[in-house]
Amino acid sequence: MPNSASPDKSASTKGDDRGVLLAASELFAGRTRHDVEEKRIFLELASNFLPKTSLPDRRRIANLLAAHPEIPDDLLTQLASDEDELTAYPALRYSPRLSVDLLLKVAEAGPDSLRKAVANRPSLRESVITTLCEHAGAPVIRILLDREDVTLTQAHQAKLSCRSDIVATLGLELAGQDALNPDGLMGQFLHLPAPLKSKAIAAAEMTSLVKQAQTPGSATDRRTDTARLKLRDALVSEALFQQRSRFADLLGQGLGLPQTTCDLLMHDDQAEGLTVALKALGMSASEVTTVMIRMLGENLSLERLRGLLRLHRTLSQGAAEVLVGQWILHDQVTQPVSAQLDSQYQDGSRRDAATTDGQKFGFVQAETTRKSNRS
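Predicted, not measured: the structure shown is a model, and the values here were computed from it. (Residues numbered from 1 in each chain as written. Predicted model: local features only at pLDDT ≥ 70, side-chain atom pairs only at ≥ 80, totals over all residues. Heavy atoms only, no water.)

### Considerations on the overall build of the protein
Along its length, the protein carries 21 helices and zero strands. Counting the 375 residues in the protein, one finds 45% classified as buried. As displayed, the protein has an accessible area near 19,400 Å², and 51% of this comes from carbon and sulfur atoms. (Helix = DSSP H or I, 4+ residues; strand = E, 2+ residues; numbered from the N terminus. Buried < 20%, exposed > 50% of the residue type's maximum accessible area, 1.4 Å probe, protein only. Areas by Shrake-Rupley, 256 points an atom, 1.4 Å probe, with all protein chains shown as cover.)

### Quick word on a nonpolar patch on the surface
Nonpolar side chains collect at one region of the surface, where Met 206, Leu 209 and Val 210 lie side by side and expose about 280 Å² of accessible area between them. For Val 210, the position within the fold is in helix α13 (residues 194–214). (Patch = residues over 30% accessible without salt bridge, like charges linked within 9 Å, V, L, I, M, F, W, Y side chains within 5 Å. Salt bridge = Lys/Arg side-chain N within 4 Å of Asp/Glu carboxyl O.)

### A short note on the packing of helix α18 (residues 285–296) against helix α19 (residues 302–314)
The contact between α18 and α19 brings their axes to 10 Å, and the two run at 145°. Between α18 and α19 lies a crossing whose hand is right-handed. Seen from α18, the contacting residues are Ala 285, Val 288, Thr 289, Met 292 and Ile 293; seen from α19, they are Leu 305, Leu 308, Leu 309 and His 312. Considering only residue class, the contact of α18 with α19 consists of seven nonpolar, two polar and no charged. (Axes fitted to C-alpha atoms, helices over the stretch in contact; angles between N-to-C directions. Left-handed = near helix turned anticlockwise from the far one by under 90°. Contact = heavy atoms within 4.5 Å. Nonpolar A, V, L, I, M, F, W, Y, C, P; charged D, E, K, R; others polar.)

### Structural notes on the packing of helix α7 (residues 112–119) against helix α9 (residues 138–146)
Between α7 and α9, whose axes approach to 9 Å, the crossing angle comes to 10°. Classified by the angle their axes make, α7 and α9 are roughly parallel. Packed against α7, whose contacting residues are Asp 112, Arg 115, Lys 116 and Ala 119, the element α9 presents Pro 139, Val 140, Ile 143 and Leu 144 at the interface. Counted by class, the contact of α7 with α9 contains five nonpolar, no polar and three charged residues. (Parallel < 35°, antiparallel > 145°, perpendicular 65-115°, else oblique.)

### Topic: helix α1 (residues 20–29)
Those residues of α1 that fall on the buried side of the exposure criterion are Leu 21, Leu 22, Ala 24, Ser 25 and Phe 28. All buried residues of α1 project into a common sector of 165° when viewed along the axis, lining one side. (Arc of directions from axis to C-beta.)

### Examining the nonpolar core
If you look at the biggest cluster of nonpolar residues, it comprises 98 residues, and the most contacted ones within it are Phe 247, Leu 251 and Trp 327. Among residues more than four places away in sequence, those in contact with Phe 247 are Leu 235, Glu 238, Ala 239, Met 266, Leu 274, Leu 278, Val 291 and Met 295. (Core = buried A, V, L, I, M, F, W, Y, C linked by side-chain atoms within 4.5 Å.)

### Points about helix α10 (residues 154–161)
Those residues of α10 that sit buried are His 156, Gln 157, Leu 160 and Ser 161. Along the axis of α10, the buried positions cluster into a sector of 135°, meaning they face one direction only.

### Let's talk about unusual backbone geometry
At the junction of Gly 110 and Pro 111, the peptide bond is cis and its omega measures out at 5° in the coordinates. Tracing the sequence through the fold places Pro 111 in the loop between α6 (100–109) and α7. With a phi close to 55°, Gln 242 is a non-glycine residue in the positive phi region.

### Side note on the pattern of salt bridges
A side chain with one charge may pair with a side chain of the opposite charge, provided their charged atoms come close. One pass over the full model with this rule turns up 13 salt bridges. Arg 59 serves as the salt-bridge partner of Asp 84, at 2.9 Å between the closest nitrogen and oxygen. A residue pair is termed long-range when its members are at least 10 positions apart, and Asp 84 in the loop between α4 (73–80) and α5 (85–94) and Arg 59 in helix α3 (residues 55–65) qualify at 25 residues. Between Asp 73 and Arg 97 there is a salt bridge whose closest N-O contact spans 2.8 Å. With Asp 73 in helix α4 and Arg 97 in the loop between α5 and α6, the pair connects residues that are 24 residues apart, well separated along the chain.

### Considering the packing of aromatic side chains
Counted by the stated rule, this structure contains two aromatic pairs. An angle of 15° between the planes, with centres 4.3 Å apart, marks the rings of Phe 28 and Phe 42 as stacked. Residue Phe 28 is located in helix α1, and its partner Phe 42 is located in helix α2 (residues 36–49); the two are separated by 14 residues in the primary sequence. We note that Phe 28, like Phe 42, is buried. Taking NZ or CZ as reference, Lys 52 lies 5.8 Å from the ring centre of Phe 49, over its face. (Phe/Tyr/Trp six-rings, centres within 6.5 Å; stacked < 30°, edge-to-face > 60°. Lys NZ or Arg CZ within 6 Å of the ring centre and 35° of its normal.)

### Quick word on the environment of Leu 50
Within the element layout of this structure, Leu 50 appears in the loop between α2 and α3. When its relative accessible area of 5% is taken as the criterion, Leu 50 is described as buried. Separated by 28 residues in sequence, Leu 50 and Leu 22 have C-alpha atoms that sit 9.4 Å apart. Setting aside residues no more than four positions away along its own chain, Leu 50 makes contact with Leu 21, Arg 58, Leu 75, Gln 78 and Leu 79.

### Concerning the confidence of the model for the protein
Confidence in the prediction for the protein averages 83 pLDDT; 82% of positions are at 70 or higher. α7 holds the highest mean pLDDT among the elements of the protein, 97, whereas helix α21 (residues 337–374) holds the lowest, 42. Contacts for the low-pLDDT stretch residues 5–12, under 50 throughout, to residues beyond four places or in other chains number 18 contacts. Scored below 50 in pLDDT, residues 336–375 makes 26 contacts in the model with residues more than four places away or belonging to other chains. (pLDDT = per-residue confidence, 0-100.)

Printed below as a string of structure tokens:
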């Protein structure tokens, strides 16, 4: 059940109707059948007195009438639209005759306490389920997953697969019901629970094999160009100097990832994602080791480092490229257009600076290597 609304957002707790509407509602609820005249009189009474009714009485009235088969539709809508959540909840949960438009409005605007009422209704239109999949929090989505009479369509699954907050919280449950498609698994790799990351990698390997079969020779003929070599050298140099922001800029330049994703990859808990990104750039095991120790060394155990190097060794570069490609597609789907334009503008500025930096740091690394060899 939802929390009560604060007093300043609801009608007076005293009320000006002196309990008239509550008494009338108790009489109305005491009978299952009413003639047209009785319903008309009760609706007229409710329309006049409901705005003046105290908060406790409104809640009591909602509980009395929400599931009554002959509650007037106008009164039902008023109760379901009440700004007090405890008044609106019973009508949204139990009343069978609410309009789809009202349910869609609640499913979109929330709060989640009222979305739970909608999600628990005896029957749900597909459009309402779709809106809940787009906007509701994890506890509401869990209600849908637990219902035997609700089947999530591919469209619903695709919407859930695009939501990082849902995947991070309910990833295992979604996967258990086959509600995460392969693209969703790969696109949400950075937000998946650990047990699901292996499934995402398997999906990427399969996708990579299919691509290789469709374009034979593309993998074997892959050659690392000079620009890519300079970029890798620059990344190692930035790691040696522990320049996280510059490293993230160069990583975005090399992979085409938005800056927000590159910044995320700098977090200690995203070491697997960073390993995938470095593999996609074709970096060697020794280069990856240098990056991991320099960038994440403070919180990176030897066992974790070995696991990351194992991932680098067993993951094909084709699969790594597939994963990164899905990250980019996921960001394009979830990022607002205006944010994309801002990101493109910023990325262009960063790219100009990073190109110069990449060349400069390539020479710096070479110089550093020569000095270490002399010593």
